[in-house]
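What follows is the residue order along each chain.
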Amino acid sequence: MPLSTPPAPQSVQQSRGLQQRSRAAVTATGLWRAYGSGEAQVVALRDVSVAFASGQFTAIMGPSGSGKSTLMHCLAGLDTTDRGSVDIGGTVITGLGDKALTKLRRDKIGFIFQQFNLLPTLTAEENILLPASIAGAKADPAWISQIIRTLDLQERLSHKPTELSGGQQQRVACARALATRPEVVFADEPTGNLDTRSSGEVLRFLRKSVDDFGQTIVMVTHDPSAAAYADRVVFLADGQIVRDLDRPTADSVIDTMRGFENRVPLAGEAA
Amino acid sequence: MFRAALKGMAARKARLALTSLAVVLGSAFIAAALVLTASIQATVDELNAESFAGSDVLVQPVAPESRGDSLVQQGVSAETLAAVEGTAGVERVGITVAGAINAIGDNGKVVGGLSPTMAANWADEAHDRELREGRGPEGDGEVAVSAKFADDAGLGLGESVTAYSQTTGQTAYEIVGVYGYPGGRDSLGGATEIAFTTAEAQRLVFDGDDAYSALAVHAADGTDADDLAAALEPVVGSESQVRTWEDYNAEATAQSAELTGLVGNFLLGFGLIAVFVSVFLIANTFSIVIAGRLKEIATMRAIGAGRSQVVRSILAEALILGAIAAVVGTAVGIAGGAGLTAAIANSFLDAGQVSLAVPVSAVIAALAVGIGVTVLAALVPAVRASKVPPVEAMRAAVKADRPITVITVVGTIVTLAGGAAMALGLTHNLGGDKAALAGTAVGAGLVFVGVTMLTAWLSKPLVGALGRLWSWNFAGKLGRRNAARNPRRTAVTASALMIGVTLVTATATLLTSVKASIEDYFGEAVKAELFVTGPAVSELPASFDPAVMDDIRAIDDVDAAVEIYYDIADIDGTEQYVNTTTDFGGIIDLFSGEFAEGGTGELADDEIAVNQSAADQLGVGIGDAVAAEFTRGTEAHEFTVAAILVDNENTDGWYVAPVYADEFYTVKPMMALVDVSDGADIDAVTAAVDDALAGEPEVSAQNHEAFVAEVTVFFDFAIIAIQLLLGLAMIVAVIGVVNTLILSVLERTRELGMLRAIGMTRGQTVRMVIVESVTIALFGAVLGIAVGLGLGWALQNALADSGVDVFAVPTALIAGYLAAAVLVGLLAAIAPATRAAKTNILGAIAYE
Ligand SMILES: Nc1ncnc2c1ncn2[C@@H]1O[C@H](COP(=O)(O)OP(=O)(O)O)[C@@H](O)[C@H]1O
Ligand SMILES: [Mg+2]
């Protein structure tokens, strides 16, 4: 079985990745996932094994339909797998019931969606506190105010989502994802609906939360410049991991994509 | 167009089915009301036609001029009978002697209660009687009784029954026969009957005069009924009236039509309310359906469909829905009407067989209303949909709710106008009591409509406030916010319940206030703790032997006991209500009466007392003379007015010395008041007085509570009856809430998916939807209760001068309505909550 992490190149930057890769926050082993049956069957994941180190920012890239979202959903306990297992923070989630999975998502996972998905009836602050409220727990006020300050949302707390710009909404969604200090934050195309400036703000925050707070983040993206914010990029094609790139830059990502575009026919499209 | 509409409908089966249920109910009630009215009418007509069947002309006494209780029965005299029999063209004359009597059952009390037993002569031709046991009466000491009487009295063949009338003492008769009526019936419309010999019937009914209640004249062959009637007219003279059987029957039919019309109108009212409420529901459903199809409509418009085509396609859908629902409703209504007719005919009317009538008008009305209402209700959303510009609808984004300014402004104006009308009516600024009452009623109606329009505006603060109930729970908090999210939709949904609850609360409040006013009145105005009376409503006045009064006075803890005699006398040429008693001062005291002028002492034989307004009516004062002739009196007596009483409903009327009781129509006292010592055990005294009344079949002792309960029993029935209305409103409300919630859940799929993704449990999701549902239902109920209480209060105030001077809140019922609202919310939440809990997270959040 090919190890998904290639030997780390020696450089000054490496410390950031290597030290924290010692413990895996999320580990997938031999994941298979197929939809439909018979002739119409689509195999979205073929024997995917990958580990995401604690405190690391990983981007998942690949052409449309390559299985990025499916992988993320399986990792997050939102989708079931046909074969293989997923481990989050030491808990094997494969085969858990709905109740246990719900609790796991509530306590150990944060989500950032492409469509922001804020509750329109709640204020920004209430949206940030939503996961804690659902759990019936009290959020750590010091931590919450730190996130809010970092995201520069102090002035917006009492606003309803409809009164916020897209970038502001996504920043609220980021704060919500981090509010419970989850084991891992999954973000599916978090900048897909944002302009360049807002994208930058969100990505810088994600980067910062990894650097400053040791947050683990797994982000699906189409955008090479977004991927460049990550510590590592995992490339998917046809339900399989085809490349694993450390310390990416926008250029190296584009190069890599070109590289396997030649091998795998692609419906190359932008987000 | 129709095919497209059908296809669209198939995709929304469940919601449309739910919605159409409201139309079905409306159509069904209308059809049922009309079928019931027609069928009962037909059944009653058939019964009426049996009366005097076979005779051609009827001779009956001229109905006596209304004298309150129509005291003395007039009959057709024996001379008239002889003259009729002697008229050419008369073949035979059947004689009927009939009147109300009292008969005592095996429990020692009068049989029948509210309706008295009828006496008839066995030879009577008014009805066919079929002997079931024994034979007809042959001697004056023998009777045959109807099966219903035997049943009610607990008496049978060979046993003895005691009967008496106003003019006779109690007489024992031997039951020699038990009979029924054609068609196996036990009674005529539920009445009990005893058949005597003609002579004995005359003794009971006409005080022994040789007189008759009716002559059934059979014409000789070849004689026309009209000609015979005309010929009999001069023979009979002014004493009696002559009618052909046809005319008689037509009159009876017209009379019963009035009554059945009343029942029918009641049901029609229910139907119209159901229809009214369903307009909201249908409009809401179509708005919802259209909202879900904006894209589709926009596409149609973009590829060239005109506005009118959009409207037409939606109306086509409404037409199909309305037609199906109306047909089903009409069928259900006809079946229900038939069933109800059978039930009523068999219980109340004891009709034996039922004639079912389905008038074409019933079918047309039910269909037209069902279809019309549906199409009309769909019109507004359809026109609105057609106005949506194609581009706008193509956008996926959820648009903000349309502003509710217009309807709020109009609603405020209507509410204020209604309030003003009510205020004018209540402050008697409209000139005339009728105008005041009408003003108040119209104002109340306007307020009702106005507030209905204001529901959307009211929903924000009210739903928020109600929602605080659930704030302890996060899922509840979300549910509350969701309920407040779309004021327009919440309002329309809640209106269904609000309308029903308003109507029942207003009615229940008014009836409760009437009841409380009566209770209050008795508690305050009447010092006596016990009454000795017969049934509150009876055709025959109950009376008793005054000798029992001494026994009652002898009972421990009885401070005073006074009996009262009543008569309607002729005083100075006017009909007046006259009382007498052996203790004039006592009775005035026990009824809390007051003297305006004159002494409180007992009245001398030539003295009379009267209340102020009656004295004013005749223009007499203290010392003036009046002439009074009592019902059984043969001459007028001269009296001097000795005392004037302050007006007081309980003591109003004229008072004379007890010596005149013998000239009263009822020579025995009809009521007594018993004053019990303070602190005594009222129940024990009641029982002791009842013992003293053991030999008096017509009356019993009742304390305030029992008396008031009996007087107000009608209100209890009325209150129960209007709760049926609430039941109907609840069914419709459940449908409305389900509709709205399903739509909300569908609209919020992505939100639900997100919530589930970030850790909301299924249980929390279910709770969230339940709270939304219950909050909407409670909102409707609370609004309805508030408006209903307001309207009830206004009506009570408008009627305050008529004696409804206490405002009483039906607390238990209101608690019941709130509970019902919670139930509506819970029931309505079942399907949407299940759906929400099953939300497919991936499907909901995966958005490409
Ligand atoms: N629920 C589903 N049912 C059927 N096919 C699915 C489903 N989800 C994903 N797929 C298929 O699985 C493949 C991978 O999908 P996905 O993980 O969404 O790709 P990506 O996010 O990389 O675009 C695609 O071919 C997609 O059509
Ligand atoms: Mg995807």
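Residues numbered from 1 in each chain as written. Chains lettered and ligands numbered in written order. Predicted model: local features only at pLDDT ≥ 70, side-chain atom pairs only at ≥ 80, totals over all residues. Heavy atoms only, no water.

Draft legend 1. Spotlight on a nonpolar patch on the surface. All names here are of chain B. A grouping of V713, F714, F717 and I720 is seen on the molecular surface, where their side chains present a nonpolar patch of about 440 Å² in accessible area. Here F714 lies in helix α21 (residues 713-747). The class of F714 is exposed, set by a relative accessible area of 53%. (Patch = residues over 30% accessible without salt bridge, like charges linked within 9 Å, V, L, I, M, F, W, Y side chains within 5 Å. Areas by Shrake-Rupley, 256 points an atom, 1.4 Å probe, with all protein chains shown as cover. Salt bridge = Lys/Arg side-chain N within 4 Å of Asp/Glu carboxyl O. Helix = DSSP H or I, 4+ residues; strand = E, 2+ residues; numbered from the N terminus. Buried < 20%, exposed > 50% of the residue type's maximum accessible area, 1.4 Å probe, protein only.)

Draft legend 2. Region of the structure containing the sheet that holds strand β2 (residues 42-53) of chain A. Residue and element names in this part refer to chain A. Reading across the sheet, the four strands line up as β2-β1-β4-β5 and stay open at both edges, with antiparallel pairing between neighbours. On the outer flanks of this sheet lie β2 and β5 (91-92), each paired with one strand and no other. Where strand β1 (residues 24-35) meets strand β4 (residues 83-88), five bridges bridge the pair, whose relative direction is antiparallel. Looking at the pairing, V26 lines up with I88 of β4. Seen against the sheet, helix α2 (residues 68-75) touches β1, β2 and β4 and runs at an angle of roughly 120° to β1. (Pairing = 2+ DSSP bridges. Contact = heavy atoms within 4.5 Å. Axes fitted to C-alpha atoms, helices over the stretch in contact; angles between N-to-C directions.)

Draft legend 3. Layout of the site of ligand 1. Residue and element names in this part refer to chain A. Neighbouring ligand 1 are the residues Y35, V42, A44, P63, S64, G65, S66, G67, K68, S69 and T70. At a separation of 2.8 Å, an oxygen atom of ligand 1 approaches a polar backbone atom of G65. One of the side-chain nitrogen or oxygen atoms of T70 is found 2.4 Å away from an oxygen atom of ligand 1. In the complex, 61% of the free accessible area of ligand 1, which totals 560 Å², lies under the protein chains. Of all the elements in the fold, those that place two or more residues in the shell around ligand 1 are β2 and α2. In terms of residues, the shell around ligand 1 owes the most to one element, α2, which gives three residues. (Near = heavy atom within 4 Å. Polar contact = N/O pair within 3.5 Å; in protein donor to acceptor, adjacent residues only side chain to side chain.)

Draft legend 4. Inspection of the sheet that holds strand β6 (residues 109-112) of chain A at higher detail. Residues and elements named next belong to chain A. Strand order in this open sheet of six strands is β6-β7-β8-β3-β9-β10, and the pairing throughout is mixed. The outermost strands of the open sheet, each flanked by one partner alone, are β6 and β10 (240-246). Averaged over all neighbouring strand pairs, the angle between strand axes comes to 20°, with direction disregarded. Pairing geometry for strand β7 (residues 184-188) and strand β8 (residues 217-220), over four bridges, is parallel. Within β8, the position partnered with D188 by the bridge is V220. The strands touched by helix α3 (residues 98-108) within the sheet are β6 and β7, with β6 carrying the most contacts at an inclination of about 75°.

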